[in-house]
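Coordinates in review
The chain contents come next:
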Amino acid sequence: MATAFLIHQGSVLMMKKKKSKIFNFEFWGGIGGHMESDELNSPMTASYREIEEETGFKKDDIKNFRLEYILLEKNSGEIRQQYVYFGETKHMNFIPSDEGELFWVPKNELSGLYTSKVISSTIEHYLNNITNTDDIFVGTMMTSNEFNPKIQWSTIKETVNF
């Protein structure tokens, strides 16, 4: 999966979904979805495609767009991998989406939204660790208690020796 969060003047573009293929209840998330077979080696391409499909924003409308997180979790016996990008946009006018309702949500209100544990933990981590580095964080869903999962964060580093 490829997911994007677009930021405009202290607000984040979030999508409220009535339900999904997996969940039959209302929840919030970023912009994104599954990668097409020709995008598997280019999740950024998938993310730009999803952004245009779901918001109408073109690649040129987005600045400082970069991979910030790779999330890993085991679900129904399979390992799920999600690439999460953050970027900035100067305009607020999006097109209506068939995927859900779009809203600009102030950063200080994000924690009050009903999101998956992995998304809420990622947003919280991002807001508490905003830096101007090129670090990419890997988040692995860990659980010793199924009702209170936690994410273990690591930073991808360059290999310095063989």
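Basis of the calculations
- Note that residues are indexed from 1 along each chain, following the sequence as it is written.
- For a predicted model such as this one, the threshold for reporting local features is a pLDDT of at least 70, and the threshold for listing and counting side-chain atom pairs is 80 or more; totals across whole chains, interfaces and linings nevertheless cover every residue.
- For side-chain calculations, the full set of non-hydrogen atoms in the structure is used, while hydrogens and water are omitted.
- Strands here are runs of E lasting at least two residues and helices are runs of H or I lasting at least four, both read from the DSSP assignment and numbered beginning at the N terminus.
- Working rule for helices: expected span equals 1.5 Å times residues minus one.
- For each residue, the accessible area found with a 1.4 Å probe, counting protein chains only, is set against the maximum for its type, and the residue is called buried under 20%, exposed over 50%, and partly exposed in between.
- Here a residue-residue contact requires only that any non-hydrogen atoms of the pair lie within 4.5 Å.

**Quick look at helix 1 (residues 43-55)**
- For helix 1, spanning 13 residues, the distance from its first C-alpha to its last is 18 Å, which sits close to the expected 18 Å at 1.5 Å a residue.
- Among the residues of helix 1, Pro 43, Ala 46, Ser 47, Tyr 48, Arg 49, Glu 50, Ile 51, Glu 54 and Thr 55 are the ones counted as buried.
- Packed against the buried residues of helix 1 are strand 1 (2-8), strand 2 (11-17), strand 4 (31-33), strand 5 (62-75), strand 6 (78-89) and strand 7 (101-106).
- Of the residues trailing helix 1, Gly 56 is marked for its positive phi of about 90°.

**Observations concerning the environment of Ile 119**
- Its location among the elements puts Ile 119 in helix 2 (residues 117-128).
- In this view, Ile 119 contacts Phe 5 and Gln 82; residues no more than four positions away in its chain are not counted.

**Here's the deal with the environment of Phe 57**
- By the element assignment, Phe 57 lies in the loop between helix 1 and strand 5.
- Residue classification places Phe 57 among the buried positions, given a relative accessible area of 2%.
- Along the primary structure Phe 57 and Met 92 are separated by 35 residues, whereas in three dimensions their C-alpha atoms are 9.6 Å apart.
- Those residues in contact with Phe 57 that sit more than four places away from it in its chain are Leu 6, Leu 13, Ile 51, Glu 52, Thr 89, His 91, Met 92, Asn 93, Phe 94 and Trp 104.

Taken by themselves, the reported measurements are silent on function.
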